[in-house]
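Each chain, written out:
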Amino acid sequence: MGYGLEVVKNSYAYQDEAAIVVYSTLGYMTFMWIFDSQYWPRALCIISWFSIFVAFSVSMCLLVALIPYGPICVFTVLMPLSLFGIKKLMYDQIPGHVYAGWVHGILVTMASITVACWFYWNTKNGNMWDSPTNAIYSHASGCAVDFDAVDAEVCENADYPGVPCFWNEDYTEVSFSADSCTKRCLDIYQACEEGFITWANPGLASMAMFAIGFICKYLQEPDDPHAKHQIRGVFRSCVLFLFLFWIYASLAGAGEGLSSSLIAFAISMGIGSGIVFAVVFWGTIVSEPSRIVGKATRQVEKYSDLVVSGPARHDDEYTDFVRGYFLLGFGPFIVLYGLISIVNQYVRRHLIRNCCRKRVPRAAYEHNGLFTLAVTRQINDYISWDHTKVLTYAIYWGVNYAFLNVFASKFTTVFLSWFVQYTSTMGLSAVTLIVLFVGMTLFMIPIMPGLPIYLTGGIVLVSAGHDILGRWGSICYACAVSLFLKLLACAVQQKIIGQRLGGSISVKQMVSINSEGIRAMRVMLSDKGITSRKVAVLVGGPDWPVGVLCGILGLDLCSVLVGTLPVVAVIVPSVFVGSFAYLGSLENDDGMDLYPWSSTMGAIASTFAAGAMFYFTLSAAAAVKNTLKHSKDDISAIPLDEAVQEANVEAEKRRAAYERVTIWRHVPGNMKYVLFTAVLSMMGCCFLLVIFNASCFREYDLMYTIENHLGGKWTNIILPLGRVALLLFVISYTLLYTFEFWATAKTRAEMKSLDEDETKQPLTSTNVATYA
């Protein structure tokens, strides 16, 4: 809308200049750090930081072709900053919360006008996002053409080599055909999100203005007890919007780099909101910083109590858990931070001490170490860490990320696409039986969510039943089969798996059956009929763990199945997404979509599916919290499992013994080397998967085929760099297993020694008594 596309086109002429500005700005920031800008005169500091901000803002806008989210992020930060800069210049005497109320009306009005104009613009001259618009914006944004992602013989223009088949020679007309050039050829732009972000910029800008505007509205009365709940609702709405926007964009073929763009946009919205909070509460922040920190700490502790529950909770484990994440994600930057600190300390000792003596604090002035005083204190704090725990947690963070990013995402998609192709020539009855068998198999995997199962059912069942039952009849049939599959899986998980494991003390320990959180879930799941909190847990909780937990707790199957029925609110839109994806792949003889509305309806259905799942998930967390608060008597009435209590005591002894034998100074040098190498390998794996994901795996979705898109071998989805990432993952996990095998053996020896000491202790006491 407006001149967005023209700005992107013209920005190519200034990319070199913008890159020079960025590098120069980063160099100047490093110079300020090394030469202790915090001790410079105040005016010089203000001028320096203002220049840096302007340089980065202009550069991000000029580099829009390389960083498509740059302009929207700059706008989201500059918008509140400029409005509250006006307050500082013209309305300095007006309280921050009063001015925030004024800003609310301005931002909401601007957002409403912008989004209305954007929707109106979409209805004119074919501006709605579709295949031709995708081609136009992708080409204008400079997206690289990758014929390796498609069948080059089909998708490359036979008359003009290097030109996509749907473009003419001078890139002025777009056309598709059923025989040779289908809309699948748009996958040549699969790694490019610039076009979609440029097209969607007005909508994202409106979202930012709405969010910050309503935050300002609720902050105009900061003492209102309901304000925090309203602001929390704004943040939840923003998260839901971004999640749904991502789903719609992915279905619309927006490119595989969209996730990083939305993450950057979310961060910029957080910065913009932080500016608003800082203006409104600046007096409190300056006068009572300890009060702010104390409230934040209590809030974190309250939510951590809900997240972690067990027989014995150790507060240090939270800290070590976060430290592990920090170490895995920022390890290379920590090393760079230390190197710059060495240079900073050298400059401080030989230059800053002499020219800024009055500005340098006494402690920093007298410090003569290799690092600066602040970094020295941080290193001393690092030395006091429980390194064994922190390094182990760092590896497990990487394991979880790799499983979610690769095994539960990439490989599951390949398998399901093969399944879709395998059943494409079968009858409806055979397909139904196969869907039930495969669905039950997948439901038995603890980490497997139900959404991809329902979506796949929507594709294969509608494909098989389209000619027999008709379009809407086959969709309804797919919904019914998916609901039956979910209920059958619940019954199997509860009666066969859960009840069989219900007598196992170790399994009860694993689910923390005596913890208040699990007992609260038992209270909720024991409700007769359908209640909101019961439905929230059964539908919003993870499928396999909740089903098995119901069996372990010995709950009534019929009551659980009745409470699970509202899952239809998730199943129906999920099936619709798969159904419309299949219908969208059908074309007529002219190469045009047989159901041109299917893409739009699929996006709407995915919005409802994500919204329903998001709602049930949040409701489950809120239900557990409310039950812990308001049903304390019911929770206390549930007797504790004595066998589990005794096992918990033994587990606590083993845990204490494990911690003793893995104290870092007692760990042998070779085991330290093993653990360090495991962390470095996992760090390399995760950095490859995060930064170079497009170079690790081919783009692949459910409607692709292994023959046409992977050359007939499913392993071709892994590119060479991906093989390196997976190799690093295997090395890291193998080394972690080696370390834990050693630690477990040492723990057993320690426990055996303790048992022998306890056996000798009564005898020693008797001898002493007799001697006396």
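Residues numbered from 1 in each chain as written. Predicted model: local features only at pLDDT ≥ 70, side-chain atom pairs only at ≥ 80, totals over all residues. Heavy atoms only, no water.

1. Description of the overall build of the chain
Condition: Counting from the N terminus, the helices are DSSP H or I runs at least four residues long and the strands are E runs at least two residues long. Remark: exposure states derive from per-residue accessible area (1.4 Å probe, protein chains only) relative to the maximum for the residue type, with buried under 20%, exposed over 50%, and partly exposed in between. Contacts: residue pairs with any heavy atoms within 4.5 Å of one another. Note that accessible areas follow from Shrake-Rupley with a 1.4 Å probe, and for residues the cover is restricted to the protein chains shown.
A count of helical and extended segments in the chain gives 32 helices and zero strands. Expressed as a percentage of its 772 residues, the buried residues of the chain come to 44%. Relative to all contacts within the chain whose residues are 6 or more apart in sequence, the contacts with residues 24 or more apart total 76%. On the chain, roughly 40200 Å² of surface is accessible, and the fraction owed to carbon and sulfur atoms is 64%.

2. Some details on the side chain of Ser206
Test applied: For the purposes of these results, a polar contact is taken to be a pair of N or O atoms within 3.5 Å, where, inside protein, one atom must be able to donate a hydrogen and its partner to accept one; residues adjacent in sequence count only when each atom of the pair is a side-chain atom.
Within the element layout of this structure, Ser206 appears in helix 8 (residues 194-219). Residue Ser206 is classed as buried on the basis of its relative accessible area, which comes to 1%. Within the local environment of Ser206, its side chain forms a polar contact with the backbone oxygen of Pro202, the two atoms lying 2.9 Å apart. Setting aside its immediate chain neighbours within four residues, Ser206 contacts Ala111, Thr114 and Val115.

3. A closer look at the side chain of Gln345
Mapped onto the fold, Gln345 is located in helix 13 (residues 315-355). The class of Gln345 is buried, set by a relative accessible area of 1%. If we skip the residues at most four places from it in the chain, Gln345 touches His367, Asn368, Gly369, Leu370, Phe371 and Thr372.

4. A few points about the pattern of salt bridges
Close approach of charged atoms allows side chains with opposite charge to pair. Rules: Whenever a carboxyl oxygen of Asp or Glu lies within 4 Å of a side-chain nitrogen of Lys or Arg, that contact is scored as a salt bridge.
For the structure shown, the criterion picks out seven salt bridges. Of the charged contacts, one joins Arg348 and Asp36 as a salt bridge, the two residues approaching to 2.7 Å between their closest N and O atoms. Here the residue Arg348 occupies a position in helix 13, and Asp36 occupies one in the loop between helix 2 (15-34) and helix 3 (42-62), the gap between them amounting to 312 residues. One salt bridge in this structure joins Glu652 and Arg655, with 2.6 Å as the shortest N-O distance. Residue Glu652 and its partner Arg655 are located together in helix 28 (residues 642-661), separated by three residues, close to a single helical turn. The exposure class of Arg655 is partly exposed, given its relative accessible area of 24%. Overlapping salt bridges, with partners in common, bring together Lys389, Glu652, Arg655 and Glu659 in one network.

5. Details of the packing of helix 2 against helix 3
Just so we agree on the cut-off: Only the stretch in contact is used when fitting a helix axis, every axis being a line fitted to C-alpha atoms; angles between N-to-C directions are given from 0 to 180 degrees. Comment on the angle field: the value is read as roughly parallel under 35 degrees, roughly antiparallel over 145, roughly perpendicular from 65 to 115, and oblique elsewhere. The sense of a crossing depends on the near helix, which, turned anticlockwise from the far helix by less than a right angle, makes the crossing left-handed and, turned clockwise, makes it right-handed. Classes in brief: Ala, Val, Leu, Ile, Met, Phe, Trp, Tyr, Cys and Pro nonpolar; Asp, Glu, Lys and Arg charged; the others, Gly included, polar.
In contact at an axis separation of 9 Å, helix 2 and helix 3 are set at 150° when each is read in the N-to-C sense. With respect to their mutual orientation, helix 2 and helix 3 come out roughly antiparallel. As for the relative orientation of helix 2 and helix 3, their crossing is left-handed in sense. Counted together, Ala18, Val21, Val22, Thr25, Leu26, Tyr28, Met29 and Met32 of helix 2 and Ser48, Trp49, Ile52, Ala55, Phe56, Ser59 and Leu62 of helix 3 form the full contact between these two elements. For the contact of helix 2 with helix 3, the residue count by class is 12 nonpolar, three polar and no charged.

6. A closer look at helix 25 (residues 568-584)
Spelled out, the test is: Helix span is expected to be 1.5 Å times the residue number reduced by one.
When the terminal C-alpha atoms of helix 25 are compared, their 24 Å separation across 17 residues agrees well with the 24 Å that a helix rising 1.5 Å per residue should span. Burial analysis of helix 25 places 12 of its 17 residues in the buried class, the great majority of the element. When helix 25 is considered as a whole, its buried residues turn out to be Val570, Ile571, Pro573, Ser574, Val575, Val577, Gly578, Ser579, Phe580, Tyr582, Leu583 and Gly584.

7. Quick look at the state of the cysteines
What counts is decided by this rule: Pairs of cysteine sulfur atoms within 2.5 Å are what we label disulfides.
Counted under the stated rule, the structure contains zero disulfides. Cysteine Cys550 shares no disulfide, and the gap to the nearest cysteine sulfur, in Cys490, comes to 7.8 Å. We classify Cys550 as buried; its relative accessible area is 1%. Cys685 supplies the cysteine sulfur nearest to Cys686, a cysteine that is in no disulfide, at a spacing of 5.0 Å. Among the residues examined, Cys686 registers a relative accessible area of 7% and is labelled buried.

8. Regarding the nonpolar core
Our working rule: We call a set of buried Ala, Val, Leu, Ile, Met, Phe, Trp, Tyr and Cys residues a nonpolar core when their side-chain atoms join them within 4.5 Å.
Ranked by size, the top nonpolar core spans 44 residues in total, and within it Val435, Val460, Leu461, Val567 and Val570 carry the most contacts. Among the secondary structure elements, those contributing two or more residues to this core are helix 16 (387-422), helix 17 (428-443), helix 18 (451-469), helix 19 (471-501), helix 22 (532-540), helix 25 and helix 26 (598-630). The element contributing the most residues to this core is helix 19, with nine residues. Once residues lying within four places of it in the same chain are set aside, the contact partners of Leu461 are Leu428, Val431, Thr432, Val435, Ser474, Tyr477, Ala478 and Val481. Leu327, Leu391, Leu689 and Phe697 belong to the second largest nonpolar core, which has 41 residues in total.

9. Notes on the packing of helix 18 against helix 19
The geometry of helix 18 relative to helix 19 is characterised by a closest axis approach of 8 Å and an angle of 140° between their N-to-C directions. Between helix 18 and helix 19, the angle is such that the two are oblique. For helix 18 against helix 19, the interelement crossing comes out right-handed. Residues Ile453, Tyr454, Gly457, Gly458, Leu461, Val462, Gly465, His466 and Leu469 of helix 18 touch helix 19, and the partners they reach there are Arg471, Gly473, Ser474, Ile475, Tyr477, Ala478, Val481, Ser482, Leu485 and Lys486. The residue inventory of the contact of helix 18 with helix 19, partitioned by class, reads 10 nonpolar, seven polar and two charged.

10. A closer look at unusual backbone geometry
We note that Asp36 has phi near 55°; this positive angle belongs to a residue other than glycine. The exposure class of Asp36 is buried, given its relative accessible area of 1%.

Note that every value here comes from positions in space, so none of it alone points to a role or purpose.
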